[in-house]
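Examination of the molecular architecture
Spelled out, the chains give:
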Amino acid sequence: MKHKKTLELLSAYTLLSLLLNLSTACSNGQVSSKHVQTTTTDTITTFVLPEIPAMLNSPELRADYLAKHYWDNVNFADTNYIHHPEVTEQAWVNFIEILRLTSSSTSDTALKKLFAQAEKEKKCYMYLTSLADKYLYDPNSPMRNEELYISVLDAILKSPAMSDTDKIRPQARRKLAQKNRIGTKALDFIYMLANGKQSSLYNVKAPYTLLFINNPGCNACSETIEALKSSPSICRATAQKSLKILSIYPDADLVEWKRHLSDFPKEWINGYDKKQTIEQQNLYDLKAIPTLYLLDKDKTVLLKDATSAEIEEYLKKNIKKQ
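Cut-offs used in this document
Residues numbered from 1 in each chain as written. Predicted model: local features only at pLDDT ≥ 70, side-chain atom pairs only at ≥ 80, totals over all residues. Heavy atoms only, no water. Pairing = 2+ DSSP bridges. Helix = DSSP H or I, 4+ residues; strand = E, 2+ residues; numbered from the N terminus. Buried < 20%, exposed > 50% of the residue type's maximum accessible area, 1.4 Å probe, protein only. Arc of directions from axis to C-beta. Contact = heavy atoms within 4.5 Å. Disulfide = S-S within 2.5 Å. Phe/Tyr/Trp six-rings, centres within 6.5 Å; stacked < 30°, edge-to-face > 60°. Lys NZ or Arg CZ within 6 Å of the ring centre and 35° of its normal. Salt bridge = Lys/Arg side-chain N within 4 Å of Asp/Glu carboxyl O. pLDDT = per-residue confidence, 0-100. Axes fitted to C-alpha atoms, helices over the stretch in contact; angles between N-to-C directions.

Where strand 1 (residues 190–193) and strand 2 (residues 198–200) come together, three bridges link them in antiparallel fashion. The partner of Y191 across the bridge, within strand 2, is S199. Between strand 1 and strand 2, which follow one another and run antiparallel, lie four residues, and G196 among them has a positive phi close to 95 degrees.

The next subject is helix 12 (residues 308–318). What helix 12 keeps buried is the set I311, E312 and L315. For helix 12, the arc enclosing every buried residue in end-on projection is 100 degrees, short of the 170-degree limit, so these residues lie on one face. Set apart from the buried face of helix 12 by more than 90 degrees, the exposed residues are A309, K316 and K317. For helix 12, the elements touching its buried residues are strand 3 (208–213), helix 9 (232–239), strand 4 (243–249), strand 6 (291–296) and strand 7 (301–304).

Turning to the environment of E223, a few remarks are in order. Within the secondary structure, E223 is located in helix 8 (residues 219–229). Look at E223 and you get exposed, because its relative accessible area is 58%. Taking the C-alpha atoms as reference, E223 lies 9.8 Å from P290; in sequence the two are 67 residues apart.

In protein chemistry, a disulfide is the covalent bond that joins the sulfur atoms of two cysteines. Evaluated as defined, the whole model comprises one disulfide. Covalent S-S linkage joins C218 and C221, the inter-sulfur distance amounting to 2.2 Å. Between C218 and C221, the S-S torsion sits near 95 degrees, and that sign places the bridge as right-handed. Overall, the relative accessible area of 0% leaves C221 in the buried class.

The description of an aromatic ring pair rests on the distance of the ring centres and on the angle between the ring planes. Scanning all chains against the criterion turns up 15 aromatic pairs. Through successive ring pairs, a cluster of aromatic residues spans F47, Y70, W71, F76, W92 and F95. Above the ring of Y137, the side-chain terminus of R173 is found at 3.9 Å from the ring centroid.

All told, the structure shown has 16 salt bridges when counted by the stated rule. Its salt-bridge partner being K134, residue E89 comes within 2.7 Å of it at the nearest N-O pair. Taken together, the positions of E89 in helix 3 (residues 85–99) and K134 in helix 5 (residues 122–137) put the pair 45 residues apart, joining distant regions of the chain. Residue classification places K134 among the partly exposed positions, given a relative accessible area of 23%. Across the pair K287 and D285 runs a salt bridge, and its minimum N-O distance is 2.8 Å. Of the residues examined, D285 reaches a relative accessible area of 14% and is grouped as buried.

For the protein, the mean per-residue pLDDT works out to 87, and 86% of the residues sit at or above 70. Ranking the helices and strands of the protein by mean pLDDT puts strand 3 first, with 98, and helix 1 (residues 12–27) last, with 48. Overall, residues 1–6 carries pLDDT values under 50, and its contacts beyond four positions in sequence, including any with other chains, amount to 11 contacts. Taken together, the stretch residues 22–43 has pLDDT below 50 and engages in 40 contacts with residues farther than four places along the chain or on a different chain.

Next up on the list: the sheet that holds strand 4. Ordered in space as 2-1-5-4-3-6-7, the seven strands form an open sheet in which the pairing is mixed. The open sheet has two edge strands, strand 2 and strand 7, and neither has a second partner. In this sheet, neighbouring strand axes are inclined to one another by 30 degrees on average, regardless of whether the strands run parallel or antiparallel. Taken together, the six bridges between strand 3 and strand 6 define a ladder with antiparallel strand orientation. Opposite Y208, over in strand 6, you have D296 as the bridge partner. Where helix 8 meets the sheet, it contacts strand 3 and strand 6, and its direction lies at approximately 160 degrees from that of strand 3.

Shown next as structure tokens:
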């Protein structure tokens with residue numbers, strides 16, 4: 001994990017406790033928290049939370065209000081905030097954790113409001129974009145979240161603080177993020193089997209399809225293969241024929257691919273992208289390998305860039321034992 005050791009994620013329990021008790025603490029001028037402290041004298045060395053109205057008496061309402069007003073006490077014209085990551089970067093981490101407790105519309109509104117506030121000073125604006133890249137986009141981030149990152153990209157692309165040159169990379173990322181988004185149809189492609197037969201993603205017929213794009217032999221890929229093979233829900237769904245696993249090799253070194261064919265269970269469909277269409281046409285975001293997509297019978301994306309544990313949990317909840 002690349003994040004600084006001083007930056008810690010608030011647990012769901014801590015967040016809920018904060019939301020339940022925050023209005024009382026704020027009305028007294030104090031908030032007791034390991035991660036967030038408030039003061040009225042120094043907004044550079046501490047982070048001042050907004051006061052939540054007492055009438056908002058549920059965690060959901062408090063989370064909604066806190067998300068939308070989280071940065072109200074920050075003066076984004078002051079570039080000193082950039083030099084205090086122990087304050088601002090920790091505040092960002094906690095902010096993202098709070099967004100996870102809110103609806104998609106609230107998180108979208110909160111992020112766009114934040115970036116609009118930061119337009120007062122471009123250095124602060126660029127600092128926020130770097131935090132978004134680090135925590136929401138970087139494949140090594142445990143907080144990676146494409147839906148939240150899309151809100152950030154949309155804010156950047158509409159911002160007068162950013163030049164056309166500044167927007168080139170966000171435009172490319174936004175276009176790629178839209179592909180195979182949760183709730184949309186996965187893009188079809190042709191693949192080849194080791195025996196020379198050809199087929200396509202949409203020819204895989206099953207209630208669920210697990211698309212597993214990987215490079216055999218890489219450590220992360222090997223770990224994911226073992227995790228999928230040992231998952232009770234995945235094994236049960238495969239045995240019940242409720243799930244088919246399509247493993248795809250997107251690169252050109254077929255010697256390496258064939259050398260690792262025995263690593264995969266025989267019941268999996270194991271193919272390769274002969275024309276490297278996936279990579280060359282950017283059909284799927286391959287910034288991180290391996291990547292997993294769970295699709296329904298119509299090839300609508302249910303989970304995107306998911307972990308084996310997330311796949312396990314989804315199937316456990318949605319496929320009945322036989």
